Amino acid sequence: MPRFKVTIFDELSSHRIITYVIYFCAIVFFFGLILIPPIFGIGLKWYLVGEMIENAELMSRAVNAILASFAIAIFVSIIDLVAGIPTAWFVARGKGRWLNIIDTLADLPFVVPTVALGYSLLLFWSEPQGVSSLFGSSLISPGWLLVILLHFVFSFPVIVRVMVGALFDYQRTFEEAARTLGASPFTVDRTVTFPILRPSLVGAFVLAFARSVSETGATIMVAGSFENGAIFVKNMKDMGQQGPLVFVSLVLILISCVIFGAILILGSRLRVPIRHVWPSIERRLSSKSVTITRDTLTMLVFFLLIIVPSLFVAFPAFTAVMDGTIGKAVSSSGIWQDYWSSLGLSYFVGGLATLLSIVAGLPMAIMIGRKRIGKSLSAILDILINIPIIVPSTALGASLGIFWTNFAFVPEIMLLILAHLSITYSYFVRSMAAAIERTDIELENAARIHGAKPFTVFRTIILPLTKYSLLAGAIMVLTRSVSETGATLAVVSQLRTVPVLLVDWVKGTAVQATSSDVGLGCGILVVLSFTVLLFLKLGVGRKSVY
Amino acid sequence: MPEIQLKNVTKRFGKKIVAVDDVSLEVYDREYFSLIGPSGCGKTTLLRTVAGLVKPDRGEIYIDGVLVNDVPPEDRGIGFVFQTYALFPHMNVFDNVTYGPRVKAWEEKRAARLGRETLEMVKLYKRFDAYPNELSGGMMQRVAVARALAAGSKILLLDEPLGALDAKIRNELRYEIRRLVKDLELTAIHVTHDQAEAMAISDRIAVMKKGRILQVGTPYELYMEPQQIFVANFIGESNFLEGRVVGLKDDVVVVRLRGDLKVEAKKSEASQENERVVLAIRPEAFEISKGRRKLVNELKGVVEKVRFEGTDIRYEIRIVNDDSITVVRPSLGGDWFKENEKVTVSFLPEKSHTFLYPPQGLMAELELE
């Protein structure tokens, strides 16, 4: 940065009023664009709910869809915890370089866009090319069971990622102290490690839950005739029925907020029974044979239920190379013309949402991370920032669309960017606020005492120390935006991002695409996403990802 | 009898770092034993191998005559006090202290009684329902000690237990811990880098450097009869004067220092004619006077610096051969000397130690890391 600019920024940053103006703008941005339109916009059409209540059949369908959404989210989050914790343990506590491979593989469903993941699972479990070929018929037909499997797969890395980070941060002295006091490893984990890691467990559960409730694109691919809240909203939008759409969106938003509040309150009060110990049983559970069995089962579940089905999309992608589909794709002929423009649109929207998230999110992250506007207000902001993550993206998109079209004509591209921004902004702020909070405030104080102005402190101390989190946050935001389907479907009618296009291809609603087309389309998306992950791993390093 | 024996214990970290290098050691029943040495010398690693928290690459560890190399920490019957206290943050003081009895499924009443008794011992029973974050550093360390004691083990391992406390509390707590160990007839191994702390409370001390034990002895033996230059410097403080043996008498050797100064020093195995030697003389072993008093080993010099340290006064004196020596005298009683004042310092031969000049040089020998 040129010297004179630094001086101007330094001069400006030393005026308290300027800092407060920036914070004020960040708050206005958050409430005006991120929180109110996507969450409360739906309230503007509350009167349409009346139509819905009168239609008993539709009402029953809507209630079932909502119940299905939450039931699947809760069930999947629980089994994700059961499967994800041993995997995280295995990665964080094991020894050997090959654990790095497991660690990277665990990210796979996180990085593969969910539509590609959905198509991969559909092929693996339901189509003749997959595991079904061994049985002669479709092993798992599209429907609720496949939706559960899909949600299990894409929520799994959230649990692993959060828990591996928590285990790396955790002071193992607590475990050592418990061991020297006579506790077996199982007793130590049950009475010391898990209770201390409880906030991370609750956090991981919330994220997995939110991801399951929000996911739309891949769910549509594997759902068959099964309907959850997100699919119901999408179907109602396609049918032009605003009443049911408003009703389900409103209920999804309300219940999500209530569940989030309940987890926040109960999560901190929940006490795991730790007073009673059964030494002989717990010793047996700590034995080498039990540990080996646990690790083997963990790896079996990891590879057979998560990795292999997630990578299965590679087969049609390879077929596409052989059967000439790749030629059609390269020459942009037929349906591929739409594909490339959708891909361009996805990355344009993703890039812009990422940029806006960084610019508008940094002051917010500083406010929360450094509690700049007082402890209570910062804590409130910290809670509010989670709401766009918790709220199902389909409902969020529907609400946002209603809000803006109610006030003024907003071009579809703007709606699309605003919808993506609403979702991605919170992910970025959360990640950066945590990184800033972890940076010792004394470093800032030391720089100030040595004469640095606030902007220089930010540029020379905060930014270098949090740059990895910033980069990781930005890449997470970009990936999330490129994968996003639910909110996109809710706000657009003409524009099509690449996940929406792939859903159309699979469902065969608009065009007839072959499995090679879909496979290659997903494959290109996966390769692009992996390039982003590679960039993250090389540029950021393993530690900073957490 | 909780006697601890280590035979040729070695622990490496990676290929280059030898944290513990072929250490053999015996700690007797009901002994308060300290391991001291500079940071990174391997004392904590050695303690953790005794606890079972680190597995040695080679060697054997016996507790009560039983080989425990493959025995997990929970079955070694030891109590461990960590430098960072390691109090479980989600449990109150009472639950922390009774954790050991509870995980061993002792009867609830017995566990509660033990918890109460040990908390009374450390004078913290009134704070039984407080959480660790509500306690001061000193209180947390008391709770950590109580927790280790309540587990009923006869061996107490303490890893720099007072390192994070301020000086006043550290001084109080060190005597309190020793009192508890002696009252309860425990065997204790205490790791510290603070030689004053080790000297004050230990029955015996092992001095470690670079993974090896240099000398084991009582505090008196280590102070009065250091076997190595490093020990003479690490336990207490010493002036080191380089010279060569030029004569041998009954109990003393005559050493020629730089500038052709001749002094008499205590005889040792290094006392061979013409041998290059290092004399170690403690600052408090020097007498200091204004004029000549016709004593042995009189060295003339000039006071360069005077430092008042409360109980003592520390003088930096440049002697005639240009060597600098430190002299410490009690501040109460005796004469005081000013900077630039000409003085005569002297020492008795029996208060000196003669060592062979180390092959790697004196500075390298004295290096802490």
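Structure first, text after, so check above.
Being a predicted model, the structure only gives us computed values, none of them experimental.

Chemist: Can you help me understand the overall build of chain A in this one?
Modeler: For chain A, the helix and strand inventory stands at 28 helices and zero strands. Taking 546 residues into account, the globule formula puts the C-alpha radius of gyration at 24 Å, and chain A, at 24 Å, falls close to it. Looking at chain A as a whole, 56% of its 546 residues are labelled buried. By sequence separation, contacts in chain A at least 24 residues apart represent 83% of the contacts at least 6 residues apart. For chain A, the exposed area adds up to about 23,600 Å²; of that, 69% sits on carbon and sulfur atoms. Charged side chains of chain A number 40 positive and 29 negative; the gap between the two group centres comes to 10 Å.

Chemist: Whenever I open this one, the overall build of chain B confuses me. Can you help?
Modeler: Helix and strand counts for chain B come out as 10 helices and 20 strands. Principal axes of the C-alpha set define a box for chain B whose edges measure 75 × 45 × 35 Å. Every one of the 369 residues in chain B was classed for burial, and the buried ones make up 53%. The long-range fraction of contacts in chain B, counting pairs at least 24 apart against all pairs at least 6 apart in sequence, stands at 66%. For chain B, the accessible area works out to roughly 17,100 Å², and carbon and sulfur atoms hold 49% of it. Measuring between centres, the 55 positive side-chain charges of chain B sit 2 Å from its 56 negative side-chain charges.

Chemist: Hey, could you run me through the interface of chain A and chain B in this one?
Modeler: Put simply, an interface is often sized by how much accessible area is lost when its parts join up. With 24 residues of chain A at the contact, the number on the chain B side is 27 residues. For the chain A and chain B pair, buried surface summed over both sides reaches about 2,200 Å², with 60% attributable to carbon and sulfur atoms. The three residues of chain A that bury the most area against chain B are Thr 180, Leu 181 and Arg 275 of chain A, which together make up 34% of that side's buried surface. The tally of links from chain A across to chain B stands at three salt bridges. In this structure, Arg 48 of chain B and Glu 176 of chain A form a salt bridge, with 2.4 Å as the shortest nitrogen-oxygen distance. Counting every contact that joins chain A to chain B gives five residue pairs in polar contact (both at pLDDT 80 or more).

Chemist: Would you mind showing me how to read the sheet that holds strand E4 (residues 58-63) of chain B here?
Modeler: All names here are of chain B. With antiparallel pairing, the four strands of this open sheet are ordered in space as E2-E1-E4-E5. Taken across any chain shown, the strands that pair with only one partner, and hence form the sheet edges, are strand E2 (17-27) and strand E5 (66-67). Alignment of strand E1 (residues 4-13) against E4, held across five bridges, turns out to be antiparallel. From the neighbouring strand, Leu 6 faces E4, where its bridge partner is Ile 61. Along the sheet face, helix H1 (residues 43-51) touches E1, E2 and E4 and points at about 120 degrees away from the line of E1.

Chemist: I tried to follow the packing of aromatic side chains on my own but got confused; where do I start?
Modeler: Within a pair of aromatic rings, the relevant descriptors are the distance that separates the centres and the angle that separates the planes. Residues and elements named next belong to chain A. All chains considered together, the criterion is met by 29 aromatic pairs over all chains. Relative to Tyr 425, the ring of Phe 29 lies with its centre 5.9 Å away and its plane at 45 degrees, an arrangement referred to as tilted. On the criterion of sequence distance, the pair formed by Phe 29 in helix H2 (residues 16-40) and Tyr 425 in helix H23 (residues 412-438) is long-range, its members being 396 residues apart. No difference in accessibility class separates Phe 29 from Tyr 425, as the two residues are buried. An aromatic cluster is present here, built from Phe 29, Phe 30, Phe 31 and Tyr 425 joined pairwise through their rings.

Chemist: I would appreciate a short explanation of the pattern of salt bridges in the present structure.
Modeler: Should their charged atoms come close, side chains of opposite charge can pair. Residue and element names in this part refer to chain A. Throughout the structure, instances matching the rule amount to 39 salt bridges over all chains. A salt bridge links Arg 172 to Glu 175, with the nearest nitrogen and oxygen atoms 3.5 Å apart. Classification of Glu 175 by relative accessible area gives buried; the value is 9%. Taken together, the salt bridges that share partners define one network made up of Arg 93, Arg 172 and Glu 175.

Chemist: Which parts of the structure should I look at to understand the pairing of strand E17 (residues 312-319) of chain B?
Modeler: In regular strands, side chains alternate between the two faces of the sheet. All names here are of chain B. The pairing of strand E16 (residues 298-308) with E17 spans seven bridges and is antiparallel. Along E17, the bridge assignment pairs Phe 308 with Ile 313. The pairing of E17 with strand E18 (residues 324-330) spans seven bridges and is classified as antiparallel. Each bridged residue has a counterpart across the sheet, and for Ile 313 the counterpart in E18 is Arg 329.

Chemist: Help me out: how do you make sense of a nonpolar patch on the surface in this one?
Modeler: On the surface, a cluster of nonpolar side chains totalling about 420 Å² of accessible area is made up of Phe 186, Trp 278, Ile 281, Leu 285 and Val 290 of chain A. Structurally, the position occupied by Ile 281 of chain A is in helix H15 (residues 279-285).

Chemist: Please clarify how the side chain of Thr 192 of chain B should be interpreted in this entry.
Modeler: All names here are of chain B. By secondary structure assignment, the location of Thr 192 is in strand E8 (residues 187-192). A polar side-chain atom of Thr 192 sits 2.9 Å from the main-chain amide nitrogen of Asp 194. There is a polar contact of 3.3 Å between the side chain of Thr 192 and the side chain of Glu 197. Leave out the neighbours within four places in its chain, and Thr 192 touches Leu 35, Ile 36, Gly 37, Lys 43, Glu 160, Glu 197 and Ala 198.

Chemist: Just checking my understanding: could you explain unusual backbone geometry for this structure?
Modeler: Note: most peptide bonds trans; most residues except glycine with negative phi. All names here are of chain B. Backbone geometry places Ala 105, a non-glycine residue, at a positive phi of 60 degrees. Relative to the assigned elements, Ala 105 resides in the loop between helix H3 (99-103) and helix H4 (108-121). By relative accessible area, which is 42% here, Ala 105 ends up partly exposed. Phi is positive for Asp 322, which is not a glycine, with a value near 80 degrees. Following the sequence through the fold, Asp 322 ends up in the loop between E17 and E18. Here Asp 322 falls in the partly exposed class, since its relative accessible area comes to 48%.

Chemist: Help me understand the pairing of strand E13 (residues 262-266) of chain B, please; the structure alone is not making it clear to me.
Modeler: All names here are of chain B. Pairing analysis gives five bridges linking strand E12 (residues 252-257) to E13, with the strands arranged antiparallel. The residue bridging Val 252 from the neighbouring strand is Lys 266, located in E13. Counted between consecutive antiparallel strands, the loop separating E12 from E13 contains four residues, among which Gly 259 sits at a positive phi close to 75 degrees.

Chemist: How should the side chain of Asn 92 of chain B be read in this particular structure?
Modeler: Residues and elements named next belong to chain B. With respect to the secondary-structure elements, Asn 92 resides in the loop between strand E6 (78-81) and helix H2 (93-97). A relative accessible area of 13% means that Asn 92 is categorised as buried. Leaving out residues up to four positions away in the same chain, Asn 92 has contacts with Phe 128, Asp 129, Ala 130 and Tyr 131.

Chemist: Can you help me understand the sheet that holds strand E15 (residues 287-289) of chain B in this one?
Modeler: In sheet architecture, strand pairing relies on hydrogen bonds along the backbone and comes in two forms, parallel and antiparallel. All names here are of chain B. If you walk across this open sheet you meet the five strands as E15-E19-E16-E17-E18, and the pairing is antiparallel. Of all strands in the sheet, those with a lone pairing partner are E15 and E18, marking the two edges. Each adjacent strand pair in this sheet contributes to an overall mean axis angle of 40 degrees, direction not counted.

Chemist: Where do I start with helix H17 (residues 314-322) of chain A in this structure?
Modeler: Along an α-helix, a turn takes 3.6 residues, which lines up residues three or four apart on a common side. Residues and elements named next belong to chain A. For H17, every residue scored as buried is listed here: Pro 316, Ala 317 and Ala 320. One side of H17 carries all its buried residues, which in axial view fall inside an arc of 105 degrees. Of the exposed residues in H17, those oriented more than 90 degrees away from the buried face are Phe 315, Phe 318 and Met 322. A positive backbone phi angle near 90 degrees is found at Gly 324, which sits one or two residues after H17.

Chemist: Any chance you could explain the packing of H2 of chain A against helix H19 (residues 335-369) of chain A here in plain terms?
Modeler: Axis angle and axis distance: for two packed helices, these are the angle between their axes and the distance between the axes, and together they describe the pair. Residues and elements named next belong to chain A. Look at H2 against H19: their axes get within 9 Å of each other, and the N-to-C directions meet at 110 degrees. By the criterion of interaxial angle, the relationship of H2 to H19 is roughly perpendicular. When H2 is examined against H19, the residues Ile 22, Tyr 23, Ala 26, Ile 27, Phe 29 and Phe 30 are found in contact with a partner set consisting of Ala 360, Pro 363, Met 364, Ile 366 and Met 367. Among the residues forming the contact of H2 with H19, the class breakdown is 11 nonpolar, no polar and no charged.

Chemist: I tried to follow the environment of Asn 235 of chain A on my own but got confused; where do I start?
Modeler: Residues and elements named next belong to chain A. Examined against the element boundaries, Asn 235 turns out to sit in helix H13 (residues 229-239). Between the C-alpha atoms of Asn 235 and Ala 56, which are 179 residues apart in sequence, the distance is 18 Å. Discounting residues that sit within four places of it in the chain, Asn 235 has contacts with Arg 61 and Glu 227.

Chemist: Please clarify how the packing of helix H5 (residues 137-150) of chain B against helix H6 (residues 167-183) of chain B should be interpreted in this entry.
Modeler: Residue and element names in this part refer to chain B. One can describe the packing of H5 onto H6 by two numbers: an axis separation of 11 Å at closest approach and a directional angle of 15 degrees. Put simply, H5 runs roughly parallel to H6. Helix-helix and strand crossings are classified by hand; for H5 and H6 the assignment is right-handed. Seen from H5, the contacting residues are Gly 138, Gln 141, Arg 142, Val 145 and Leu 149; seen from H6, they are Ile 169, Leu 173, Glu 176, Ile 177 and Leu 180. A breakdown of the residues in the contact of H5 with H6 according to their chemical character gives six nonpolar, two polar and two charged.

What counts and how
Residues numbered from 1 in each chain as written. Chains lettered and ligands numbered in written order. Predicted model: local features only at pLDDT ≥ 70, side-chain atom pairs only at ≥ 80, totals over all residues. Heavy atoms only, no water. Helix = DSSP H or I, 4+ residues; strand = E, 2+ residues; numbered from the N terminus. Rg over C-alpha atoms; globule rule 2.2 N^0.38 Å. Buried < 20%, exposed > 50% of the residue type's maximum accessible area, 1.4 Å probe, protein only. Contact = heavy atoms within 4.5 Å. Areas by Shrake-Rupley, 256 points an atom, 1.4 Å probe, with all protein chains shown as cover. Lys, Arg positive; Asp, Glu negative; His and termini not counted. Charge placed at Lys NZ, Arg CZ, Asp CG, Glu CD. Buried area = accessible area lost by both parts, 1.4 Å probe. Salt bridge = Lys/Arg side-chain N within 4 Å of Asp/Glu carboxyl O. Polar contact = N/O pair within 3.5 Å; in protein donor to acceptor, adjacent residues only side chain to side chain. Pairing = 2+ DSSP bridges. Axes fitted to C-alpha atoms, helices over the stretch in contact; angles between N-to-C directions. Phe/Tyr/Trp six-rings, centres within 6.5 Å; stacked < 30°, edge-to-face > 60°. Patch = residues over 30% accessible without salt bridge, like charges linked within 9 Å, V, L, I, M, F, W, Y side chains within 5 Å. Arc of directions from axis to C-beta. Parallel < 35°, antiparallel > 145°, perpendicular 65-115°, else oblique. Nonpolar A, V, L, I, M, F, W, Y, C, P; charged D, E, K, R; others polar. Left-handed = near helix turned anticlockwise from the far one by under 90°.

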